[in-house]
Amino acid sequence: MDPFALTADALSRAVHARELSCRELMRATLDRIDALNPRFNAIVSRVAPERLLQEAQQCDDELAAGRSRGWLHGLPQAIKDIAPTAGIRTTLGSPLLKDNVPREDGLMVQRLKAAGAIVIGKTNTPEFGLGSHTFNEVFGLTRNAWDPARSAGGSSGGAAVALALRLVPVADGSDTMGSLRNPAAWNNVFGLRPSQGRVPFWPAADVWVTQLGTEGPMGRSVRDVARLLQVQSGFDPRVPLSIAGPVPDFAGALDTFEARGARVGWLGDLQGHLATEPGVLGVCEEALRQLESLGCAVEPVAPNFSPAAVWDAWLVWRRWLVAGRIAPFLVNPANRAQIKPEALWEHDEAQGLTGPQVLAASAQRTAFLQRLLSLFDRFDVLALPSAQTWPFDASLRWPAHIGDRQMDTYHRWMEVTLYATFAGLPAISVPAGFSPEGWPMGLQLIGRPQGEADLLGLAGRYEAAAQAVLACVPPALADLPR
């Protein structure tokens, strides 16, 4: 049996049916990582193979005794190098944390392990998870699975590349400004940013204000994404703004969703506000035609909010929150030389912020949410590109311009991803197609508040219609088992 030809859901069934042993799967996974990871640098801080094979054997022994830990039983998993992992380095891509080894797992990692996952290492991320280009001074550059000369995206770039290369069956990530969606788009996989509070983050210094980022799932199939989200989700009393109540059956909802009649509002480039490279909108519109073939009604829609005002409010929120993360490292002034300039810029720009300015930005955010919610009176889903550019030259820090439009910040080229984040809405990036050069692009679908089940249902129907795109594999896999 070729484990790399299977989705994570099918792989789990094969393991539980004992058609494939956990040890065999682990051995094949480690061999594949050895073959591909040196070129792409997706997985870092790897755990010793001997330990992993022992853990896999223990999983086999438990199955032989009729015991299963859960859906992920015996499946290899690499954790994004933002989440704490007991006994495994958690660096956040920062030289200041290069030797940091947590004593305890973060909440999400605990849940993955409880469901049976075997943690084999970490996936690479930009320093402090800032920016949608995965490189840092600790582990270096992660390269795009489809073209190693191009960016993998970020900040879950290592996770997306590991998925695309079949180094892991599913992947976790996190997302503040598209970090689950942009790398998914650029590596032809699925990435879901859940509703705010769906996947609680712990440990955290603050559980009240820091509400832009969230952890979430990535996968090569929508069902894999749904099943991983099921594991990650659930209220935790230490995170009081996490969503209470029973976790919906996200995977089960895939089987009953009816796409016919679903209304999709295509926001495009917000009537020219968003700079986009040639071909991006066209590929996304071709993906929308797949939805139309399913009986969805797709309609172009103008933004009913001021993108410029939303951007200004976003800058206040982001600078305020990022500065709070960076400030503890600057208590020692000598550390400044070891922090990347983009992080320092965020911190320094926040120093003049006042309480009234923050409150005004929060009021603008509130008004934006109300405007966006009113669009759901007309539409079930809103659509945007998952990125404004194709994967760019990996030697760059970030695109300084898109066409003839200069980018005035290091993250302006990622503006298209902030809307779901700022509104706390679920959003999934689905593979949309390719440029003439063979670079992937994704379509971003934004759902109603806490509407992951319906959003995944629509994505699942799209997946079935878009097999020509999804059947493509990275060139590096041509001579390897899928």
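All values derive from a computational prediction rather than experimental measurement.

## Some points on the packing of helix α2 (residues 22–40) against helix α3 (residues 49–64)
- Orientation of α2 relative to α3, taken along the N-to-C sense of each, is 155 degrees, at an axis distance of 7 Å. Put simply, α2 runs roughly antiparallel to α3. Crossing of α2 over α3 shows right-handed handedness. Along the contact surface, α2 presents Cys22, Arg23, Met26, Arg27 and Leu30, while α3 presents Pro49, Leu52, Leu53, Ala56, Gln57, Cys59, Asp60 and Leu63.
- Among the residues forming the contact of α2 with α3, the class breakdown is nine nonpolar, one polar and three charged.

## Some details on the pattern of salt bridges
- Evaluation of the coordinates by the stated rule reveals 24 salt bridges.
- Among the salt bridges present, the one from Asp99 reaches Lys98, with a minimum N-O distance of 3.1 Å.
- What makes Asp99 exposed here is its relative accessible area of 59%.
- Judged by relative accessible area, which is 39%, Lys98 ranks as partly exposed.
- Each of the salt bridges in this network shares a partner with another, and the network as a whole consists of Asp9, Arg13 and Arg227.

## Topic: the sheet that holds strand β2 (residues 76–80)
- Overall, mixed pairing links the three strands, which are arranged β1-β3-β2 in an open sheet. Here the strands that pair on one side only, and so sit at the sheet edges, are β1 (43–44) and β2.

## Some points on the environment of Thr142
- Relative to the helices and strands, Thr142 resides in the loop between β5 (140–141) and α5 (157–164).
- Through-space distance from the C-alpha of Thr142 to that of Gly154 is 9.4 Å; in sequence the pair is twelve residues apart.
- Among all residues touching Thr142, those that are not within four sequence positions of it are Phe40, Asn41, Ala42, Asn124, Thr134, Ala152, Gly157, Gly158 and Val161.
- Within polar-contact distance, the side chain of Thr142 engages the backbone oxygen of Asn41 at 2.7 Å.

## Notes on the packing of aromatic side chains
- Enumeration over the complete set of coordinates arrives at twelve aromatic pairs.
- Ring geometry for Trp186 against Phe392: centres 5.7 Å apart, planes inclined by 85 degrees, an arrangement best described as edge-to-face. Highlighted residues: Trp186 in helix α6 (residues 182–186) and Phe392 in the loop between β11 (381–385) and β12 (401–402), separated in sequence by 206 residues. The two residues Trp186 and Phe392 agree in class, both being buried.

Definitions and cut-offs
- Residues numbered from 1 in each chain as written.
- Predicted model: local features only at pLDDT ≥ 70, side-chain atom pairs only at ≥ 80, totals over all residues.
- Heavy atoms only, no water.
- Axes fitted to C-alpha atoms, helices over the stretch in contact; angles between N-to-C directions.
- Helix = DSSP H or I, 4+ residues; strand = E, 2+ residues; numbered from the N terminus.
- Parallel < 35°, antiparallel > 145°, perpendicular 65-115°, else oblique.
- Left-handed = near helix turned anticlockwise from the far one by under 90°.
- Contact = heavy atoms within 4.5 Å.
- Nonpolar A, V, L, I, M, F, W, Y, C, P; charged D, E, K, R; others polar.
- Salt bridge = Lys/Arg side-chain N within 4 Å of Asp/Glu carboxyl O.
- Buried < 20%, exposed > 50% of the residue type's maximum accessible area, 1.4 Å probe, protein only.
- Pairing = 2+ DSSP bridges.
- Polar contact = N/O pair within 3.5 Å; in protein donor to acceptor, adjacent residues only side chain to side chain.
- Phe/Tyr/Trp six-rings, centres within 6.5 Å; stacked < 30°, edge-to-face > 60°.

That is the geometry; function is a separate question.
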